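Below, each chain spelled out in residue letters.
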Amino acid sequence: ERFIESIREVLDNNGTVLIPAFAVGRAQEILCTLCKYEVDAPIYLDGMARQASVIIENWREEHLKDPEFYKFSLGRVKKITGARMRKRVVKEPCVIVSPAGMLKGGAAVSYMERIMENPNSAVFFVSFQIPGSPGWKVLKEGIFTSTRKTGKVKARVEWFDFSSHCGRNELLKAISLTGSSTAVIIVHAEEEEGENFAEYLRDKLGREVYFPVSGDELVF
């Protein structure tokens, strides 16, 4: 609700809302959220999220909790068709959902370059920002850097926690559903957190656990 309220504040001020979002999963979740709360403004979808959304729609009956609402939400969205349309839409009050979620590339970068100096517009992050990534620098330093442009961000900047990762309890439940001889490989974790979780699995569950670093070779 805070996310939607912030979007409406920007739109009421004739601004553009850029939502950098991962192409698979997060972008679609945001689109459904915008439609659920009936955001009364054009909603645009760009980048790889366009193709991913269509693929998900083709399999919605098998994999989505509310396939009909997803179909409705996707029908409500306008897909960006090219560079000329990108230049046009940022001149109107609207919401743009586009990868990359950390502003590392994709169409989101071109939008950011156009709205970053407009105090009426906003960039709302809905995904974790890896330290050192362009999105992280916008949040922490207020500076955006791309291959074409570097400068202070005058647009409104906020981060909203839309995490879709399993928590500790869900991870333990998933592991408990496997056989006691099943090895566990931990990836995508901070070093201290990963080591602590690995130690817990070894000591409490008696599991064989690997927490490899880049270049390690695992043999089974």
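Residues numbered from 1 in each chain as written. Predicted model: local features only at pLDDT ≥ 70, side-chain atom pairs only at ≥ 80, totals over all residues. Heavy atoms only, no water.

Asker: Looking at this structure, I do not really get the overall build of the chain. What am I missing?
Answerer: Of the regular secondary structure elements, the chain holds ten helices and ten strands. On the principal axes, the C-alpha backbone points of the chain span a range of 60 × 40 × 30 Å. Looking at the chain as a whole, 44% of its 220 residues are labelled buried. Taking the intrachain contacts of the chain between residues at least 6 apart in sequence as the baseline, contacts between residues at least 24 apart amount to 72%. Of the roughly 12900 Å² that the chain leaves accessible, carbon and sulfur atoms contribute 51%. Averaging the positions of the 30 positive and the 30 negative side-chain charges in the chain gives two centres separated by 9 Å. (Helix = DSSP H or I, 4+ residues; strand = E, 2+ residues; numbered from the N terminus. Buried < 20%, exposed > 50% of the residue type's maximum accessible area, 1.4 Å probe, protein only. Contact = heavy atoms within 4.5 Å. Areas by Shrake-Rupley, 256 points an atom, 1.4 Å probe, with all protein chains shown as cover. Lys, Arg positive; Asp, Glu negative; His and termini not counted. Charge placed at Lys NZ, Arg CZ, Asp CG, Glu CD.)

Asker: When you look at the nonpolar core in this model, what are you seeing that I'm missing?
Answerer: Grouped burial of nonpolar side chains is what soluble globular proteins tend to show. Ranked by internal contacts, the top residues of the largest apolar core, which has 29 residues, are Phe3, Ile7, Ile19, Leu34, Val95 and Val97. Those residues in contact with isoleucine 7 that sit more than four places away from it in its chain are Val17, Ile19, Leu34, Val39, Val95 and Phe124. Within the second largest apolar cluster, 22 residues are counted, among which are Val89, Ile115, Val123 and Ala155. (Core = buried A, V, L, I, M, F, W, Y, C linked by side-chain atoms within 4.5 Å.)

Asker: Help me understand the side chain of arginine 26, please; the structure alone is not making it clear to me.
Answerer: Take arginine 26: it is sitting in helix α2 (residues 26–36). Polar side-chain contacts of arginine 26 include one of 3.1 Å to the side chain of glutamate 29. (Polar contact = N/O pair within 3.5 Å; in protein donor to acceptor, adjacent residues only side chain to side chain.)

Asker: Before we go on, may I ask you to explain the sheet that holds strand β4 (residues 94–98) in this structure?
Answerer: The pairing of strands in a sheet comes from backbone hydrogen bonds and takes either a parallel or an antiparallel form. One open sheet holds the six strands; their spatial order is β3-β2-β4-β1-β5-β8, and the pairing between them is parallel. Only two strands of the sheet have a single neighbouring strand rather than two, namely β3 (78–79) and β8 (156–159). Where α2 meets the sheet, its contacts fall on β1 (16–20), β2 (43–45) and β4, and the angle it forms with β4 comes to roughly 160°. The strands touched by helix α7 (residues 107–115) are β1, β4 and β5 (122–125); relative to β1, the strand with the most contacts, the crossing angle is about 145°. (Pairing = 2+ DSSP bridges. Axes fitted to C-alpha atoms, helices over the stretch in contact; angles between N-to-C directions.)

Asker: Teacher, can you tell me more about helix α3 (residues 48–58) here?
Answerer: Think of an α-helix as turning once every 3.6 residues; residues three or four places apart then point the same way. Those residues of α3 not exposed but buried are Ala49, Ala52, Ser53 and Glu57. Mapping the buried residues of α3 onto a view down its axis gives an arc of 140°, with all of them on the same face. Of the residues in α3, the exposed ones pointing more than 90 degrees away from the buried face are Met48, Ile55 and Asn58. Next to the buried residues of α3 lie α2, β2, α4 (60–63) and α5 (67–76). (Arc of directions from axis to C-beta.)

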